[in-house]
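Coordinates in review
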Amino acid sequence: MSSLRTTPLTEWHRENGAKLVPFAGFEMPVQYEGIIIEHKHTREKAGIFDISHMGEFLISGKGTKDALNKLVTQNLDTLAPGKCRYGFLPNDEGGVLDDLIIYCLAEDSYMLVINGACEENDFNWIDSHLPDGINFENVSYETAKIDLQGPLALEVLEKVLGRDFKHLKYFNFEQTEFDGYKLIISRTGYTGELGYEFYLPSDKAITLWEKLIADDKVEPIGLGARDTLRLELGYPLYGQDLDTKHNPREGGYSFVLADDAFTDVKEILIPLTIKSRRSARHGDKVLLNGKEIGVVTSGSFSPTLRYSIALAYVQADAAESTEFLVKGARADLKAMKGELPFYKEGTARKKFD
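Residues numbered from 1 in each chain as written. Predicted model: local features only at pLDDT ≥ 70, side-chain atom pairs only at ≥ 80, totals over all residues. Heavy atoms only, no water.

**Concerning the packing of aromatic side chains**
Scanning all chains against the criterion turns up 14 aromatic pairs. Centre to centre, the rings of W12 and W209 are 5.4 Å apart; their planes meet at 70 degrees, and the pair counts as edge-to-face. In this pair, W12 is assigned in helix 1 (residues 10-15) and W209 in helix 6 (residues 205-213), connecting sequence segments 197 residues apart. Residue W12 is classed as buried on the basis of its relative accessible area, which comes to 13%. Relative to Y199, the ring of Y103 has its centre 5.5 Å away and its plane inclined at 75 degrees; by these criteria the two rings are edge-to-face. Separated by 96 residues along the polypeptide, Y103 in strand 6 (residues 96-106) and Y199 in strand 12 (residues 195-201) bring together distant segments of the chain. In this structure, Y103 and Y199 share a single accessibility class: buried. Taken together through their ring pairs, the aromatic side chains of Y86, F88, Y253 and F255 make up a single cluster. Here the guanidinium or amino end of R5 rests over the ring plane of Y141, the centre of that ring lying 4.2 Å away. Residue placement shows K275 over the ring face of Y307; its charged tip is 4.8 Å from the ring centre. (Phe/Tyr/Trp six-rings, centres within 6.5 Å; stacked < 30°, edge-to-face > 60°. Helix = DSSP H or I, 4+ residues; strand = E, 2+ residues; numbered from the N terminus. Buried < 20%, exposed > 50% of the residue type's maximum accessible area, 1.4 Å probe, protein only. Lys NZ or Arg CZ within 6 Å of the ring centre and 35° of its normal.)

**Digging into the pattern of salt bridges**
Scanning all chains against the criterion turns up 21 salt bridges. Note that E232 is salt-bridged to R43, the shortest N-O span being 2.8 Å. Here E232, found in helix 7 (residues 223-233), pairs with R43, found in helix 2 (residues 35-44); they are 189 residues apart in sequence, far enough to count as distant. Taking the relative accessible area as the measure of exposure, R43 reaches 9% and is therefore buried. (Salt bridge = Lys/Arg side-chain N within 4 Å of Asp/Glu carboxyl O.)

**Examining unusual backbone geometry**
For residues besides glycine, phi is generally negative; the peptide bonds are generally trans as well. Residue P341 is bonded to the preceding L340 through a cis peptide linkage, with omega at -5 degrees. Checked against the element boundaries, P341 lands in the segment after strand 19 (332-337). At D179, a position not held by glycine, the phi torsion is positive, near 55 degrees. On the secondary structure map, D179 appears in the loop between strand 10 (173-178) and strand 11 (181-186). Within the chain, R306 stands out as a residue other than glycine whose phi angle is a positive 70 degrees. Looking at where R306 falls in the secondary structure, it is placed in the loop between strand 16 (291-301) and strand 17 (308-315).

**A short note on the sheet that holds strand 4 (residues 55-60)**
Two strands in a sheet stick together by hydrogen bonds in their backbones, pointing the same way (parallel) or opposite ways (antiparallel). Spatially, 5-6-7-4-8 is the arrangement adopted by the 5 strands of the open sheet, whose pairing is antiparallel. Either end of the sheet is taken by a strand with one partner, and the two such strands are strand 5 (84-90) and strand 8 (135-138). Across this sheet, the average inter-strand angle for adjacent strands is 25 degrees, counted without regard to direction. Taken together, the 5 bridges between strand 6 and strand 7 (residues 109-114) define a ladder with antiparallel strand orientation. Each bridged residue has a counterpart across the sheet, and for Y103 the counterpart in strand 7 is M111. Against the sheet, helix 4 (residues 119-128) makes contact with strand 4, strand 5, strand 6, strand 7 and strand 8, and its axis sits at roughly 175 degrees relative to strand 8, the strand it touches most. (Pairing = 2+ DSSP bridges. Axes fitted to C-alpha atoms, helices over the stretch in contact; angles between N-to-C directions. Contact = heavy atoms within 4.5 Å.)

**Comments concerning the sheet that holds strand 3 (residues 46-50)**
Pairing within the open sheet is mixed, and its 6 strands lie in the order 10-11-12-9-3-13. Two strands in the sheet have a free side with no partner beyond their single neighbour: strand 10 and strand 13 (218-220). Taking each pair of neighbouring strands and ignoring which way they run, the sheet shows an average axis angle of 25 degrees. Where strand 9 (residues 143-149) meets strand 12, 7 bridges bridge the pair, whose relative direction is antiparallel. When the bridges of strand 12 are listed, A144 appears paired with L200. Strand contacts of helix 2: strand 3, strand 9 and strand 13, with the helix running at about 120 degrees to strand 3, the strand carrying the most contacts. Packing of helix 6 onto the sheet brings it into contact with strand 3, strand 9, strand 10, strand 11, strand 12 and strand 13, and relative to strand 9 it is tilted by some 10 degrees.

**Comments concerning helix 2**
Within helix 2, the full set of buried residues consists of E38, H39, H41, T42 and R43. Those residues of helix 2 hidden inside the fold are in contact with strand 2 (26-31), strand 3, strand 9, strand 13 and helix 7.

In structure tokens, the structure reads:
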């Protein structure tokens, strides 16, 4: 018997032809019709993603904000109720234990959304660093997460929920009730397109999923397309582009950090473009003037741009160079330093009148 965990939607995926693979300890859909088809559908219309492998923690009580401020890179002093913020959970040496989004539910009350593979370690780390009197709960098992992403996502959302959501701004969220249960709707996502993420009780997931997918603008999207979509934006994947060996500044996030935070920079994560269909892969060596100076962490052919893109850690003193060579498994690939995001036409920040 498999030791992999399932989500509330795993049987739906199996019954609807998804190819299921192990991911973060779960049995997850990697594709349905195909990665490129699903990628393009999300960029052009709306895709729906089962992201229930992610973990959710609730933390509250007097002094919670001050306690959390000592553990994460987000500045919670400027995070008001109804807003959420991306950042990092560093260890004592500055390495990234996880990247996470923190939702401010109310004063001294937060929800932390973390990577499923890091759930146990994250919980134990945070719990061991909290003072007495703070309520800290892992609600991952009873919480489902569904993402609706794409330029037509708002039309679908408003049709299904029956009300206007044009007021919801980027990285803002609402707590509401729908069909008799509590639902959190946040305007966030991992694709660069206009999108909404739903947090709801696990036993209600299939009902909401089927309501959303009943719209002919919506198709189910697997982890394969989720990966190519996020890479076109240069968004990091924990365990590949982020890890305990590198701090957030090395991971390319100096723009969200205080000037004096994580100043020990030995390597820097940089974007690379390869004007070819042949792509670099995780673990490929990066060379500069014949000398090995780094390693590829993520790489793929970009279905939108029609050439290959990658992220790679290189030595800090080589990070401003413009031309590199990637030692691929079958060929050497000429790579140019790129600019993030690789794909610049996303609708994620679209404003509505």
